Amino acid sequence: MTSWTIANVRPWGAAPVDLTIDGTEITGVRPAGTARPDSESVDGRGLLALPGFVNAHAHVDKSWWGQPWVSYGGEPTTQGRIAHERAERDRYGIPGVDGTVAVLREYLRHGTTATRTHVDVDLGLGLRGIEVVREAADRLDGAIDVEIVAFPQDGVIRRPGVLDLLDRAAQAGATSIGGLDPAGIDRDPVAQLDGLFEIAERRGVGLDIHLHDGGELGAFQYELIIDRTLRTGLQGRVTVSHGFALGELAPDRQRALLDDGGEAGISWATVAPVRTAPLPWRGMAERGIGIGLGTDGIRDLWSPFGDGDLLRIALGFARLHGLRTDEELTAAVELATTKAAPFVHRERHDLVPGARADLVLIDAQNVPDALVRVPPRALVVAGGRVVARDGEVLLNA
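Residues numbered from 1 in each chain as written. Predicted model: local features only at pLDDT ≥ 70, side-chain atom pairs only at ≥ 80, totals over all residues. Heavy atoms only, no water.

S.K.: Just checking my understanding: could you explain the packing of aromatic side chains for this structure?
M.R.: Two aromatic rings are characterised by how far apart their centres lie and by the angle between their planes. In this structure the tally under the stated criterion is three aromatic pairs. Here the aromatic rings of Y222 and W268 are separated by 5.2 Å at their centres, their planes lie at 70°, and the arrangement is edge-to-face. Taken together, the residues Y222 in helix α6 (residues 215-232) and W268 in strand β12 (residues 267-270) connect sequence positions 46 residues apart. For the residue pair Y222 and W268, the accessibility class agrees, reading buried in each case. Judged by centre distance (6.3 Å) and plane angle (75°), the ring pair of W281 and F317 falls under edge-to-face. Of this pair, W281 sits in helix α8 (residues 281-286) while F317 sits in helix α9 (residues 310-320), placing them 36 residues apart in sequence. Side by side, W281 and F317 carry an identical accessibility label, which is buried. Positioned above the aromatic ring of W65 is the side chain of R299, whose terminal nitrogen or guanidinium carbon lies 4.8 Å from the ring centre. (Phe/Tyr/Trp six-rings, centres within 6.5 Å; stacked < 30°, edge-to-face > 60°. Helix = DSSP H or I, 4+ residues; strand = E, 2+ residues; numbered from the N terminus. Buried < 20%, exposed > 50% of the residue type's maximum accessible area, 1.4 Å probe, protein only. Lys NZ or Arg CZ within 6 Å of the ring centre and 35° of its normal.)

Listed below in structure tokens is the structure:
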């Protein structure tokens, strides 16, 4: 159907409305029962309506989803997990189109309609992982909007030739290039960041840097990133992923970094993992520092955990940060939806005219109720098409 109506839904728990969809876009929001009588209609049954979820930090190329259970192995450190993955990935056909499609279908089933995914670029794979992810997204006919970050999971400076691969990935259409623990992995933060920022500035792409290093070592690298962002004019185009150290610092040190990070337009992506320090999310919001939520990898050689449900990640964020009030719980859901629009280069992502027609219907009393119970998704609309109903994806791939 080209033009149709999803009738009697409650955006963000408000009064019931009829949403008119034309092509891939929401074109009208009217009081329930007042939609054009000549349009086709789907009954929303008075359900809670939210924008489609935006997964701001994913690794869709890494999963063994759809295969028999893979027991976790490897040393419990970042370097240990990298080495284990490199040794075992070929055995499980990683990266593979079928596994990537399976992950993207799980995203859609749970209501995620856009994702920013890191895709491994290294000396063994070259750019093959990017080709795999693009083919997987094509199999789903663009139902889920996929942005690619070319990611050097095995390091940059310590692997001569990786900077050239990242440059080629930027030329080939990756919207961002990544980095990984410039100090902890490469042990040369100046060289890694100089190389990454040079490519980003020259090719006009963004930067998204995984930073696991804690405490003052992490803070030192934030300072280097902020300095280079301001000097290269890349304000608003640089993201720190994970960034656990920010929550570990003394209040005065934290505030100074927040002030400088806000000036540089740095954003943060987190998966809100247990046993990590809470982020100073209120101070970040006050300074315009964007926060995106993501699933990270799911069922991969790093960890057996994850189910692709971003609403569950928002619940984890709420619990990690001690959120209780309705306003706070709603804010956590906003991080997974409207507030994540910049992570996938959207000016708006909401249930409003002019936005892409991405929405999720949930049988819940209100937004806080949906967050704390994480009910099944009754209906998922992506790009103006019904793509999932009652937890089942309707697309063939």
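S.K.: Which parts of the structure should I look at to understand the nonpolar core?
M.R.: Nonpolar side chains in soluble globular proteins tend to be buried together. Core analysis: the largest hydrophobic core is formed by 92 residues, its most contacted members being L108, I177, I225 and L371. In this view, I177 contacts V149, A150, L166, A170, L196, I199, A200, V205, G206, L207 and D208; residues no more than four positions away in its chain are not counted. V9, L351, A357 and A378 belong to the second-largest nonpolar core, a separate cluster that totals 17 residues. (Core = buried A, V, L, I, M, F, W, Y, C linked by side-chain atoms within 4.5 Å. Contact = heavy atoms within 4.5 Å.)

S.K.: How should unusual backbone geometry be read in this particular structure?
M.R.: Most of the time, phi is negative for any residue but glycine, and the peptide bond is trans. With an omega of 0°, the peptide bond between I94 and P95 qualifies as cis. The residue P95 is located in the loop between α1 (78-88) and α2 (97-109) in this model. Of note in the backbone geometry, D296 takes a positive phi value of approximately 60° without being a glycine. Looking at the secondary structure, you find D296 in the loop between β13 (291-293) and α9. Of note in this structure, R299 is not a glycine but carries a positive phi near 45°.

S.K.: Could you clarify how one ought to interpret the packing of α9 against helix α10 (residues 326-335) in this entry?
M.R.: Each pair of packed helices can be described by the angle between their axes along with the distance between the axes. Taken N-terminus to C-terminus, the directions of α9 and α10 make an angle of 135°; their axes are 9 Å apart at the nearest point. One element, α9, and the other, α10, form an angle in the oblique class. Here α9 and α10 pass one another in a crossing that is right-handed. Across the interface between the two elements, L311, A314, F317 and A318 of α9 pack against L329, A332, V333 and L335 of α10. By residue class, the composition of the contact of α9 with α10 is eight nonpolar, no polar and no charged. (Axes fitted to C-alpha atoms, helices over the stretch in contact; angles between N-to-C directions. Parallel < 35°, antiparallel > 145°, perpendicular 65-115°, else oblique. Left-handed = near helix turned anticlockwise from the far one by under 90°. Nonpolar A, V, L, I, M, F, W, Y, C, P; charged D, E, K, R; others polar.)

S.K.: What is the right way to look at the packing of α6 against helix α7 (residues 251-264) in this model?
M.R.: Where α6 contacts α7, the two axes come as close as 9 Å, and the packing angle between them is 25°. By the angle between their directions, the pair α6 and α7 is classed as roughly parallel. Crossing geometry of α6 relative to α7 is assigned as left-handed. When α6 is examined against α7, the residues E216, A219, F220, Y222, E223, I226, T229 and L230 are found in contact with a partner set consisting of R253, L257, D260, G261, E263 and A264. Considering only residue class, the contact of α6 with α7 consists of seven nonpolar, two polar and five charged.

S.K.: What am I meant to see in the pairing of strand β6 (residues 53-58) here?
M.R.: Note on strand geometry: in a regular strand, side chains alternate between the two faces of the sheet. Here β6 lies mainly inside the structure; six of its six residues are buried. Direction of pairing for β6 relative to strand β7 (residues 112-120): parallel, over a ladder of four bridges. Bridge assignment links F53 to a residue of β7, and that residue is T112. (Pairing = 2+ DSSP bridges.)

S.K.: It is not clear to me how α9 should be interpreted in this structure. Could you clarify?
M.R.: Note on helix geometry: an α-helix contains 3.6 residues per turn, so any two residues three or four positions apart are oriented the same way. For α9, every residue scored as buried is listed here: L310, L311, I313, A314, L315, F317 and A318. Between the side-chain oxygen of the N-cap and the backbone nitrogen of L311 there are 3.0 Å, and the N-cap of α9 in question is D309. Downstream of α9 by one or two residues, G322 has phi in the positive range, about 70°. (Polar contact = N/O pair within 3.5 Å; in protein donor to acceptor, adjacent residues only side chain to side chain.)

S.K.: Got a minute to help me understand the pattern of salt bridges in this structure?
M.R.: Opposite charge on two side chains allows them to pair when their charged atoms are near. For the coordinates displayed, the defined rule picks out 32 salt bridges. For E85, the salt bridge identified is with K62, shortest N-O distance 2.9 Å. Here K62 lies in the loop between β6 and α1 and E85 lies in helix α1, a separation of 23 residues in the sequence. The residues E85 and K62 share a single accessibility class, namely buried. By sharing partners, the salt bridges in this structure join K62, E85, R86, R89, D120 and D122 into a single network. (Salt bridge = Lys/Arg side-chain N within 4 Å of Asp/Glu carboxyl O.)

S.K.: Hey, could you run me through the sheet that holds β6 in this one?
M.R.: Adjacent strands of a sheet pair through backbone hydrogen bonds, lying either parallel or antiparallel. The parallel open sheet is built from eight strands, whose spatial order is β6-β7-β8-β9-β10-β11-β12-β13. Two strands close off the open sheet at either side, each with one partner strand: β6 and β13. Taking each pair of neighbouring strands and ignoring which way they run, the sheet shows an average axis angle of 25°. Where β12 and β13 come together, three bridges link them in parallel fashion. Within the sheet, the bridge partner assigned to A269 lies in β13 and is G292. Where helix α3 (residues 128-139) meets the sheet, its contacts fall on β7 and β8 (145-151), and the angle it forms with β8 comes to roughly 175°. Docked against the sheet, helix α5 (residues 189-203) engages β9 (176-180), β10 (206-211) and β11 (238-242), running at close to 175° with respect to β9.

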